[in-house]
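Listed below, chain by chain, are the residues.
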Amino acid sequence: MIGFIIAGLVIGALARLIKPGKQNLGLFATLLLGLAGSVIGGIIASLLGTGDIFELNFLGFIMAVIAAVLLIGVAESLAGRRQVGR
């Protein structure tokens, strides 16, 4: 469980580094988006037959970072819409 949390933080941090611009996300949001990205990446990698969802492999890690970058983009757009509506 601790390894899953650490992996989520690493994946979330990498996704924030890859995503251009400044993100207004805290540590907890980074963790949640990294965890969600790691689950999505693990599911995609397991569907491609590279291993189990909870198994650390290269393709799963790459897919997790890509999913986290996309999730950060979605979170930014949702946060932007909330601020515009005020």
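Residues numbered from 1 in each chain as written. Predicted model: local features only at pLDDT ≥ 70, side-chain atom pairs only at ≥ 80, totals over all residues. Heavy atoms only, no water.

Caption draft 1: Quick peek at the overall build of the protein. Scanning the protein from N- to C-terminus turns up three helices and zero strands. When the helices and strands of the protein are placed in sequence order, the string is α-α-α. A burial count over the protein gives 29% of its 86 residues as buried. Restricting to contacts in the protein with at least 6 residues of sequence separation, those with at least 24 account for 58%. Accessible surface, the protein: about 5,600 Å² in total, of which carbon and sulfur atoms supply 74%. (Helix = DSSP H or I, 4+ residues; strand = E, 2+ residues; numbered from the N terminus. Buried < 20%, exposed > 50% of the residue type's maximum accessible area, 1.4 Å probe, protein only. Contact = heavy atoms within 4.5 Å. Areas by Shrake-Rupley, 256 points an atom, 1.4 Å probe, with all protein chains shown as cover.)

Caption draft 2: Geometry of the nonpolar core. Ranked by size, the top nonpolar core spans nine residues in total: Ile-11, Ala-15, Leu-25, Leu-33, Ala-64, Val-65, Ala-68, Val-69 and Ile-72. Taken together, the elements giving at least two residues each to this core come down to α1 (2-18) and α3 (58-84). Per-element tally for this core: the top contributor is α3, with five residues. Sequence-distant contacts of Ile-11, defined by excluding residues within four places in its chain, comprise Gly-34, Ser-38, Phe-61, Ala-64, Val-65 and Ala-68. (Core = buried A, V, L, I, M, F, W, Y, C linked by side-chain atoms within 4.5 Å.)

Caption draft 3: The pattern of salt bridges, seen in detail. For the structure on display, the rule yields one salt bridge. Of the charged contacts in the structure, one is a salt bridge between Glu-76 and Lys-19, with a shortest N-O distance of 3.4 Å. With Glu-76 in helix α3 and Lys-19 in the loop between α1 and α2 (27-47), the pair connects residues that are 57 residues apart, well separated along the chain. A relative accessible area of 25% places Glu-76 in the partly exposed class. We classify Lys-19 as buried; its relative accessible area is 19%. (Salt bridge = Lys/Arg side-chain N within 4 Å of Asp/Glu carboxyl O.)

Function cannot be read off these values alone, since they describe shape.
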